[in-house]
Structures are given as structure tokens and as C-alpha cells.
Amino acid sequence: MYAIGGNLSMNAVKNYMAKEWNFVKLPEIFYNDEGYFILKFKTDADREEVMMKGPYTIRNMPMVLMDWRPDFSMERDMLRTVPIWVKLPRLLLHMWGERSLCKIGSIIGTPMFTDECTTTKLRFTYARILVEVDLTQKLCEEIIINYDGKKRKQRVEYEWRPQFCERCQKVGHVCERDKKPHKSQRKEIQDPTEDNPHKKDGMADKPEDGGEWAEVLKGLRTKAKQKEINSRLLKLQPSIAILLETRVKKDKAGRCRRNMGNRWKVIDNYSKHDNGRIWVLWDENKITVKVESMTDQMVHCGVYNTDGEFVHWITTIYPSNILDRRKELWKDMGNISKLQQGPWIAMEDFNNVLGMQDRIGGRAVQEQEFKDLRDMMENERLFEIESKGERFTWYNKHTEDPIYSCIDRVIGNMEWIQKNMNKTVHMLELGVSDHVVVCIQGDVLERPKTGFKFINVVTGMTGYNEEVTRSWQEQSRGVRGNRLWQKLMRLQPVLKKLNRPILSIKSQLQKKRVELNEVQNMVR
């Protein structure tokens with residue numbers, strides 16, 4: 001056993017195992033001066049069960065578990081090869097056998113296990129295999145499967161991509177001189193909707209209104225940053241753009257905005273903070289934004305279409321680093337919720353994790369860090385909107401002891417989620433900041449006119465239980481209420497598909513009547 005990114009004491013490992021592996025008899029522990037532990041389990045079954053329930057993190061550091069072998073070498077086996085859970089989305093059902101998965105896994109690396117849902121076939125959305133990969137080799141994104149003489153492309157997704165330093169030949173960091181220039185440092189900002197190797201499968205086409213877009217800047221004083229932001233705005237064409245922590249004084253804000261293009265209307269909170277930590281920009285040809293309230297930590301606005309009709313509320317969040325000050329923000333949001341009605345979202349840098357799993361590296365996450373935010377979301381019935389792209393939205397850019405956190409997010413009430421089901425939240429690559437760019441794509445102002453209707457008779461149809469169970473078994477992220485909501489939203493297209501034969505009965509009857517009349521006329 002080896003923890004990536006830090007050294008652990010024997011006592012820390014014992015405490016961890018007593019808490020997290022209480023479903024088996026605890027193994028004996030032996031420490032090696034090279035920095036790894038040997039764990040001797042009581043039975044093979046105990047070892048297999050622990051391995052199957054991974055991956056694990058200890059003190060927010062990824063933990064690597066490998067089967068021991070006589071020729072084990074720390075330098076060769078631990079620092080270059082790591083086990084990673086691999087997903088094979090939409091893998092054909094006849095390829096789910098043990099031999100087939102083993103062959104597919106061997107193309108990627110050394111297959112070790114499948115998870116319980118894959119073994120028992122409780123979930124058919126994707127197959128999941130634990131594969132030991134060599135980080136000195138490029139991770140394959142796509143493989144070719146030859147079945148019955150036919151070749152088929154299969155996409156490969158990795159649940160975690162560890163950093164590997166070519167200079168030190170070690171997992172967990174990348175030395176400064178080995179780092180390649182980030183794409184965001186180029187003058188041309190790549191449009192996430194264009195065809196490029198980083199585009200996520202299923203990403204929506206570029207919407208007509210551009211959706212909402214937000215970025216944490218940590219300074220917008222230089223012309224280089226202003227030009228880069230302007231370039232990104234021209235590429236994405238958002239209806240609303242949110243810039244945080246601009247660090248531009250009020251007397252210089254006008255000149256800075258002119259350098260970014262003078263076509264944007266702007267709301268800022270200079271009246272509440274000297275540096276105007278929040279800028280809300282919008283395109284008046286698409287929408288109108290009216291400020292309702294603001295503090296030094298948030299700006300709350302109403303969004304209206306060009307006809308003056310209300311669309312939704314939007315709250316831009318940029319909390320303080322001080323925990324007690326953040327509590328004031330969550331209280332303000334609770335007051336907003338009680339005084340308004342209609343669809344509502346809050347977005348951007350919450351400066352707050354939502355659980356233990358939202359940080360890797362650095363100090364351990366304490367419950368007091370996220371308890372107030374979680375309580376506010378549960379009390380006001382706000383749910384985290386499921387996102388695509390980068391899992392960890394902030395990176396401290398340190399080569400030694402890097403820290404990754406998930407602190408940028410979009411949350412909304414049920415009304416907003418129901419009216420914007422065609423919208424997707426994308427966490428794009430890092431821009432001019434150490435935060436990812438948050439982009440909500442989809443048509444905000446228009447929504448499908450047809451609603452969802454549950455028809456009782458569908459419960460008696462063939463395949464109902466299997467389809468519903470398969471959809472419900474898929475994993476969801478967030479607090480308990482959010483996970484439930486995601487599962488219900490995921491069920492809607494499944495039930496709509498089952499509803500089709502019932503909803504089309506009327507048209508089928510009409511068609512059969514026409515056919516019957518034609519046959520009767522022929523007989524006459």
C-alpha cells in the first residue's frame with residue numbers, strides 16, 4: 001500500500017483501516033523504509049473484498065493497493081504503475097463476459113477486478129474494470145475491439161488520472177521544467193463546442209444564446225488578460241458572463257471594460273467592496289439583467305428576455321475565505337429564498353467543499369467546513385446541478401504537495417432544473433486562473449413545451465422493472481436530496497420511452513380504422 005503525495009505513519013494507517021475497513025478482520029501491517037506498507041490479510045477473501053471496494057483516499061491522498069509478488073520493486077512497480085478504475089461506456093452486452101473483459105482490460109494495462117455492478121450486470125450503462133496501468137506510457141482514450149470479424153471502436157474513460165513526473169519518474173507531481181505550456185496560455189482560446197480532442201462525449205452544440213459563463217480571474221489589470229477574456233467572450237458568445245476577483249479599482253474599471261469590448265452591460269459590487277470582486281456582464285441584445293440585492297460576497301439578479309418577461313433568478317457567489325463570514329452569506333441566501341418565487345440558480349466559486357471527497361492533498365477536510373453550506377441547501381431545497389468535465393475545479397499549481405479541490409459549482413432549485421433540462425454545466429479547462437471555467441450550455445430562454453406525465457399502466461409493461469432498476473443503480477454525486485433528484489431526472493427519459501406505445505394508441509387506432517375501411521371497400 002502506498003499513498004500518493006505524502007508519507008504516512010503506522011498509526012495513521014491503523015486508524016484509517018479500523019474506520020474504513022471494518023467489514024473485514026484487520027490485516028497485519030509492516031512498514032518499509034522506502035515509503036510503502038505491506039498488509040497481510042487473514043484470508044484471501046478479506047483481501048479481495050477490500051480491493052473490490054476501492055479506490056480509497058487517505059488524508060485526501062489517493063491510496064494505491066496492489067497484490068504482493070515476490071519480485072516486487074518499489075521503484076519499478078509502485079512509482080510507475082498504478083491501479084485505476086476504467087469505464088467502458090456503452091459496451092455491447094455480449095462482451096460483458098469474464099474472458100472478454102479480461103482481453104479488453106489487457107489492451108489498456110493489466111486487468112485486476114470488475115466492480116460488483118459489472119459482475120452481477122446490475123448496470124448496463126458502462127462496464128467498470130480496475131486496471132493496472134503503466135504511467136510512463138500514454139493512456140489510451142479509445143481501443144479497437146475485434147468481434148466476429150468486425151472491428152468496433154470503444155471509448156475508454158478513467159475515473160482518475162494521476163500526475164507522473166518524467167524527470168523524477170515518480171507519481172504525484174510534475175516538475176516545473178517538465179510542464180508543457182497550458183493551452184489557455186495561447187492567444188487562441190479553443191471553443192469547447194468545436195471538434196477537439198478534449199471535447200467530452202455528449203457535449204451540447206453551441207447554443208444560440210450562449211448560456212451563462214463564469215471565471216475566477218485573480219486579477220484583470222494587465223492588457224494580456226483583458227485580451228484573453230475578450231477572446232473567450234467572442235468565442236463562446238454567452239448571454240451572461242461573470243468575472244470574479246478582478247482586482248481592478250473603480251476608477252480604472254471603465255478603461256478595463258473598454259479593452260474587453262464595449263458591447264457589454266455591467267453590474268458590479270463596488271458599492272460593497274473597494275475592489276469590486278464581482279462583475280456581471282450581459283448582452284442586451286439577448287436578455288436584460290436587473291440587480292435585486294448585493295453584498296461584498298454575492299450579487300443577486302433577475303434575468304428577463306427581450307420582451308421583458310421574467311426568465312429566472314441568478315445569484316453570483318464569491319464567498320470570503322473566513323468561515324464565519326461565509327455563514328453570513330448562506331444566511332443571506334436563505335433570506336433570498338424566502339422572499340422570492342420562480343426558477344433560481346447560484347453559481348461560481350463557493351470557496352467551500354461539499355464533502356470529504358472534494359479535496360485531494362493539503363489538510364484533511366473537516367465537517368464544519370461544509371456543514372453550513374449543506375444545511376442551507378437542504379433547508380432551501382437547492383440541488384447541485386450535475387456537471388461534465390473536470391472533477392476538481394481548483395488547483396494550487398504547486399509541483400510539490402499539489403492540492404485539488406471541487407469548489408466551483410452550480411446549484412439550483414427544482415423549478416430551474418425542470419425548466420432547463422436541456423442545459424448542461426461544463427467545467428472547462430483552466431483559463432487565466434487557477435480555477436476552471438464554468439459554462440452552462442443550452443437555450444436558457446426557451447424550453448420544451450411538453451411536460452413529463454407518468455402513466456400508471458406503464459408499471460405493468462414488459463421490461464419496466466429492469467429498465468427502472470438499471471437507471472436507479474447508476475451512481476450520483478452530491479448531498480442526499482441532490483442524489484435523489486438526479487435519479488428521478490434520469491428516470492424521465494427511460495419512462496418516456498416506455499410510454500411511447502401507450503401514447504401512440506390513439507394514432508394507431510385511427511390508422512387501423514383507415515385500413516379497415518379500405519379492406520371493407522375492397523370486399524364490397
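Coordinates for the structure precede this section.
Residues numbered from 1 in each chain as written. Predicted model: local features only at pLDDT ≥ 70, side-chain atom pairs only at ≥ 80, totals over all residues. Heavy atoms only, no water.

Student: Help me understand the overall build of the protein chain, please; the structure alone is not making it clear to me.
Tutor: Helix and strand content of the protein chain: 13 helices and 29 strands. Residue burial in the protein chain is summarised as follows: out of 524 residues, 48% are buried. Expressed as a percentage of contacts within the protein chain between residues at least 6 apart in sequence, the contacts between residues at least 24 apart total 63%. Surface exposure of the protein chain reaches about 28700 Å², of which carbon and sulfur atoms provide 48%. (Helix = DSSP H or I, 4+ residues; strand = E, 2+ residues; numbered from the N terminus. Buried < 20%, exposed > 50% of the residue type's maximum accessible area, 1.4 Å probe, protein only. Contact = heavy atoms within 4.5 Å. Areas by Shrake-Rupley, 256 points an atom, 1.4 Å probe, with all protein chains shown as cover.)

Student: Just to check I follow, could you spell out helix 7 (residues 250-259) for this structure?
Tutor: Side chains three or four residues apart in an α-helix point the same way, a direct result of the helix having 3.6 residues per turn. Within the span of helix 7, buried status applies to Ala 253, Cys 256 and Arg 257. All buried residues of helix 7 lie within an arc of 95° about the axis, which places them on one face of the element. Facing away from the buried side of helix 7 by more than 90 degrees, the exposed set consists of Asp 251, Arg 255 and Arg 258. (Arc of directions from axis to C-beta.)

Student: Sorry if this is basic, but what is going on with the pairing of strand 9 (residues 142-147) here?
Tutor: Successive side chains on a regular strand alternate, one facing one side of the sheet and the next facing the other. Judged from the six bridges that link them, strand 9 and strand 10 (residues 150-155) form a sheet pairing that is antiparallel. Each bridged residue has a counterpart across the sheet, and for Tyr 147 the counterpart in strand 10 is Lys 150. Linkage of strand 9 to strand 10, two consecutive antiparallel strands, is achieved through a turn of two residues, within which Asp 148 is found at a positive phi near 55°. (Pairing = 2+ DSSP bridges.)

Student: Even after reading the chapter, I still don't get the packing of helix 8 (residues 323-339) against helix 9 (residues 367-379), so can you show me in this structure?
Tutor: How two helices pack is summed up by the angle between their axes together with the distance between the axes. It is the contact of helix 8 with helix 9, at a shortest axis distance of 9 Å, that shows an interaxial angle of 5°. Accordingly, the angle class assigned to the pair helix 8 and helix 9 is roughly parallel. Taken together, the residues of helix 9 that come into contact with helix 8 (itself represented by Leu 323, Arg 326, Lys 327, Trp 330 and Met 333) are Gln 368, Glu 369, Asp 372, Leu 373 and Met 376. Looking at side-chain class alone, the contact of helix 8 with helix 9 contains five nonpolar, one polar and four charged residues. (Axes fitted to C-alpha atoms, helices over the stretch in contact; angles between N-to-C directions. Parallel < 35°, antiparallel > 145°, perpendicular 65-115°, else oblique. Nonpolar A, V, L, I, M, F, W, Y, C, P; charged D, E, K, R; others polar.)

Student: So what exactly am I meant to see when it comes to helix 11 (residues 464-473) here?
Tutor: Among the residues of helix 11, Tyr 464, Val 468 and Ser 471 are the ones counted as buried. Taken down its axis, helix 11 places every buried residue within 65° of arc, on the same side.

Student: Can you help me understand the environment of Val 50 in this one?
Tutor: Tracing the sequence through the fold places Val 50 in helix 2 (residues 44-52). You can call Val 50 buried: its relative accessible area is 1%. With residues up to four places along the chain from it excluded, the contact list for Val 50 reads Trp 21, Phe 23, Val 24, Phe 41, Tyr 56 and Leu 65.

Student: Just checking my understanding: could you explain the sheet that holds strand 27 (residues 408-412) for this structure?
Tutor: Hydrogen bonds along the backbone pair up the strands of a sheet, which may run parallel or antiparallel. Read across the open sheet, the six strands follow the order 18-19-20-21-27-23; overall the sheet is mixed. Both outer strands of the open sheet, strand 18 (287-294) and strand 23 (383-384), are each paired with one neighbouring strand and no more. As defined by bridge partners, strand 23 adjoins strand 27 across two bridges and the pair is classed as antiparallel. Note that in strand 27 the partner of Glu 384 across the bridge is Ile 411.

Student: Just checking my understanding: could you explain a positive patch on the surface for this structure?
Tutor: Positive charge collects at one region of the surface, where Lys 223, Lys 227, Lys 252, Arg 255 and Arg 258 lie side by side. Of all the elements in the fold, those that place two or more residues in the positive patch are helix 6 (223-236) and helix 7. The dominant element in the positive patch, judged by the number of residues it contributes, is helix 7, at three residues. Looking at where Lys 223 falls in the secondary structure, it is placed in helix 6. (Patch = residues over 30% accessible without salt bridge, like charges linked within 9 Å, V, L, I, M, F, W, Y side chains within 5 Å. Salt bridge = Lys/Arg side-chain N within 4 Å of Asp/Glu carboxyl O. Lys, Arg positive; Asp, Glu negative; His and termini not counted. Charge placed at Lys NZ, Arg CZ, Asp CG, Glu CD.)

Student: Help me out: how do you make sense of the pattern of salt bridges in this one?
Tutor: A side chain of one charge can pair with a side chain of the opposite charge when the charged atoms of the two come close. Counted by the stated rule, this structure contains 16 salt bridges. The partner of Asp 372 in a salt bridge is Lys 327, and the shortest N-O contact between them spans 4.0 Å. Remark: Lys 327 occurs in helix 8 and Asp 372 occurs in helix 9; sequence separation between them is 45 residues. Residue Lys 327 is classed as partly exposed on the basis of its relative accessible area of 37%. Note that Glu 515 and Lys 512 form a salt bridge whose closest N and O atoms lie 3.7 Å from each other. Residue Glu 515 and its partner Lys 512 are both found in helix 13 (residues 505-523); the two are separated by three residues, about one turn of the helix. On the basis of relative accessible area, Glu 515 is assigned to the partly exposed category, the value being 32%. Shared partners join several salt bridges into a network, and the residues in it are Arg 47, Glu 48 and Asp 67.

Student: Where do I start with the nonpolar core in this structure?
Tutor: In a soluble, globular protein the nonpolar side chains are often hidden away together inside. With 32 residues, the main nonpolar core has Ile 240, Ile 267, Ile 314, Met 347 and Val 410 as its most contacted residues. Counting residues in each nonpolar core, the second largest holds 24 residues, with Val 64, Val 131, Leu 135 and Ile 143 among its members. (Core = buried A, V, L, I, M, F, W, Y, C linked by side-chain atoms within 4.5 Å.)

Student: I tried to follow the sheet that holds strand 25 (residues 394-395) on my own but got confused; where do I start?
Tutor: Pairing is antiparallel in the open sheet, where three strands are placed in the order 22-26-25. A strand with exactly one partner marks an edge of an open sheet, and here the two such strands are strand 22 (359-360) and strand 25.

Student: Just checking my understanding: could you explain the environment of Glu 212 for this structure?
Tutor: Considering the arrangement of structural elements, one finds Glu 212 in strand 14 (residues 212-216). A relative accessible area of 1% places Glu 212 in the buried class.

Student: Is there a simple way to explain unusual backbone geometry in this structure?
Tutor: Comment: phi is negative for the bulk of residues other than glycine, and the bulk of peptide bonds are trans. Despite not being glycine, Glu 245 shows a phi value in the positive range, around 50°. The phi torsion at Arg 381 lies on the positive side, around 55°, for a residue other than glycine. Examined against the element boundaries, Arg 381 turns out to sit in the loop between helix 9 and strand 23. By relative accessible area, which is 47% here, Arg 381 ends up partly exposed.

Student: For this particular structure, what's the right way to read the side chain of Asp 358?
Tutor: Note on placement: Asp 358 falls in the loop between strand 21 (344-349) and strand 22. Ignoring anything within four residues of it in the chain, the contact list for Asp 358 reads Val 353, Arg 391, Phe 392, Tyr 404, Ser 405, Cys 406 and Arg 409.

Student: Would you mind going over the pairing of strand 18 with me for this structure?
Tutor: Where strand 18 and strand 19 (residues 298-305) come together, seven bridges link them in antiparallel fashion. Bridged to Ser 293 within strand 19 is His 300. Between strand 18 and the antiparallel strand that follows it, strand 19, lie three residues.

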